[in-house]
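The chain contents come next:
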Amino acid sequence: MLGFGVLNLLRTILRNRKLLWSLAVYELRGRYAATLAGSVWAVVNPLVLIGVFWFVTAYGLKVTFEDGPPYFLMVFCGIVPWIAFSEALSGGTNAVLGHAYLVKKIAFPIEVLPLVPIVSTVIVHAVLILFLLFIMAVNGLPPEWQFVQILYFSGAMLVFAAALSFLLGAINVFQRDTAHVVGAILTIWFWVTPVIWPADNLPDWAYSIIRLNPLFYIVQGYRGVLLYDQPFWFQWPLDLWFWAATLFVLLLGSMLFGRLKPHFADVL
Amino acid sequence: MTDRLIRPAAPAIHIPEPAVRVDNVSKMYRLFSSRGDRLKEALNLFGKPYHRPFWALHDITLDVPRGQTVGILGMNGSGKSTLLQIIAGVLAPTKGRIVMEGRLAALLELGAGFNADLSGRENVVMNSTIMGLSRREIDARLEEIEAFADIGDFFDQPVKTYSSGMFVRVAFAAAIHVDPEVLIVDEALSVGDARFQEKSYRKFASFKEAGRTIIYVTHDRSSVLQLCDFAVLLHKGRLVEMGEPRHIVNLYSEILGFGDLREKARAVVAAADTAAAAAVTAEEEANRPAGAAPAPAAPKGRAMPELATFLADRSDRSRTAENPTYNADEYIYGSEQAQIIDYLLVADGRVNPAAIACGAELEIYLKVLFHAAHEAPLVGIGFRTPKGVIGFSNNTNWMTGTEIPPVTAGSVAIYRFKVKMALQAGAWFLLLSVAGSQDDLWHVRNNVGLIELLADQRFDGMALLPCTAEAIPEGGS
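Residues numbered from 1 in each chain as written. Chains lettered and ligands numbered in written order. Predicted model: local features only at pLDDT ≥ 70, side-chain atom pairs only at ≥ 80, totals over all residues.

## Let's talk about unusual backbone geometry
Using the following cut-off: Secondary structure is summarised from DSSP: a helix means a run of H or I of at least four residues, a strand means a run of E of at least two, and numbering begins at the N terminus for each.
With an omega dihedral of 5°, the bond running from Trp236 of chain A to Pro237 of chain A counts as a cis peptide bond. In this fold, Pro237 of chain A is placed in the loop between α10 (214–227) and α11 (238–267). The backbone of Asp348 of chain B shows a phi angle near 50°, a positive value even though the residue is not glycine. Assignment of secondary structure puts Asp348 of chain B in the loop between β11 (338–347) and β12 (350–351).

## Notes on the sheet that holds strand β9 (residues 238–243) of chain B
All names here are of chain B. Spelled out, the test is: Following DSSP output, two strands are said to pair if at least two bridges run between them. Only the contacting stretch of a helix is used when fitting its axis, a line to C-alpha atoms as for every element, and angles between N-to-C directions run 0 to 180 degrees. Here the contact rule is simple: place C-beta atoms from the backbone, and any two residues whose C-beta atoms are within 7 Å are in contact.
Spatial ordering of the open sheet is given by β5-β6-β7-β3-β8-β9, a layout of six strands whose pairing is mixed. Each edge of the open sheet carries a strand with a single partner, namely β5 (104–107) and β9. On average, each strand axis in the sheet is inclined to that of its neighbour by 15°, with strand direction left out of account. Packing against the sheet, helix α6 (residues 164–177) makes contact with β5 and β6 (182–186), and its axis sits at approximately 165° to β5.

## Thoughts on the interface of chain A and chain B
Just so we agree on the cut-off: Three categories are distinguished: nonpolar for Ala, Val, Leu, Ile, Met, Phe, Trp, Tyr, Cys and Pro, charged for Asp, Glu, Lys and Arg, and polar for the others, with Gly belonging to the last.
Contacts between the two partners involve 18 residues from chain A, matched on the other side by 24 residues from chain B. Looking at the side of chain A that touches chain B, the elements with two or more residues in it are α2 (17–31), α5 (100–103) and α11 of chain A. A per-element tally of the side of chain A that touches chain B places α2 of chain A first, with five residues. Here the side of chain A that touches chain B is composed, by residue class, of 11 nonpolar, three polar and four charged.

## Describing the pairing of strand β19 (residues 440–454) of chain B
Consecutive residues of a regular strand have side chains that alternate between opposite faces of the sheet. All names here are of chain B. With three bridges joining them, strand β10 (residues 331–333) and β19 adopt antiparallel strand pairing. Each residue of the ladder has a partner; that of Tyr331, found in β19, is Asn446. Pairing analysis gives three bridges linking strand β13 (residues 355–357) to β19, with the strands arranged parallel. Within β19, the position partnered with Ala355 by the bridge is Glu452. Sheet topology note: the strand β18 (residues 426–437)/β19 ladder contains 10 bridges and is antiparallel. Bridge pairing links Ala427 to Glu452 in β19.

Spelled out as structure tokens, the structure:
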């Protein structure tokens, strides 16, 4: 019964994949339509954030490690997936509401909407990863073929973000406070995830709790693949936990989305 | 395979499947007195309702035959737009269902589904992608769409810089070029200049010829007469009647005129239709070849109790305001040596119709109370557009051969004008006057009544002059 909802969702999305792609491209273009630099801003803003963190950690806090890759690269590898996740999630939460002009007035596959910000995030994310690889190469870590495994972690992160987007995007149509609550939660989430701090120094009890955060799996995965030459299953059996949590959110989200969808046009 | 097994054998008589079947559709909106109530209801585990139900549509059942154009008429709030949105799949019906196949394009609102920040071209691509066209199909049509919209360089400007006219041009061009099986149009054509309307009507016609189905919602009754094969009247969320456009337009006009569908008005309209049908039959009978059964006499005085009452009442009470076509915003001038105290209109066997067909004969009955005796009073009628332009005006003095008998002080006289209303479609204000002479105006009632003319053929200008056209073959004269 629950799985049926997910299958329906997937079928609709697959059927409308071209539409999804053009919506994502147009959203990026539309968001920066009136600006001079255009879509460049989509990449510049995250780069500024990364630059600030690099400056603060490398010069302000002067954090260094004896062995292993430089600390600021560790921050990079954490912050690049984090930016993608938070962009995708806040976008996904607002997706249905923000596309009211498509929901209310025309027959439209609404299931596609929460994925639009995810796809436009992917475009930006790909550029940021290339930039990250460039910085790593400059610092003596040239790209290796194992880096391909990054696709697994970015894919996993996007599925998780999408599942949350269906859930929160549907609720947000009815209770618009949701988007603001998500904003607050993202701020907390940023600090409880080892994005800019290393998880290795945690005491055991704290480590075993913080591991349950699905984003822990993602961020540590990016680092493991890019910096420590680890295969993507190195966190086993955390993989099981992550996918169980994702599947749960996906089932819940698609059920709720499917149930609330007929009422969207009435409320918007 | 399986559906071939369960499909019944083809019937001997081919009954076309309806393009759209509206099956017992009802729509309820939940009205909450506050936002908190909506939340309370959503969170209440026992499903305790906090809303008041509002039924926007009640049990609408309607088959739209393939290849036909159907007009949906109704006042504001009658549920037209809700019905269209449900057919278009934008709103979910509370009860009932919509059955349809094939691609559907809907023009529900000006620029619906358009992103204001994107250019017209980008929006067209977007829209066509939503309609399920492939990139190649879109590219193939883009040029045609641009040409049809005909807004020049604006096609590549953000849509938010568009005028409403440009908006509808692009939206209409995009919708019609996705080649839908069913096209839904909600009053989009009333925007845009005459040239674009003309182009749109032509596109409509070719669309119809291609066997496509159009569902058309409008307030413009004339366009329903011109475009639609049949029409549907919605009133207060209910389907009141469907049928031949003229009949539905008449019913709708009664609603507009009287604010509601009075049983009386309905009965009158129905009677008028029967009478008209009887007259047609009589004519056919008369055209029978000799030797056939003699034609029965056409029905003479139709049952019009209002007319009989009007003619019998010679009291001096003013009843003008009781006429349903009366316009309270009239303006009156004159010395009031005589007064127009009542009037009555008859057309097509109907008394005081809110709307009549363009070219129909209108009888205008005027009741005048004379305060002073006069040898030859002068009575006049006229018609003005809402902008005040006189379309036609005349009086008994100018109409040679018309004799108006002398009147005595205190007498009440009734006059009848018969005028062929060959004027442009639209609203016409009635002007009534009585005078001693051209320079001695007694009572001029400007815009005393309002009547709507409905044209089933299009023409430009103010008057429908008798006009024919033919091609002259070579060597002919």
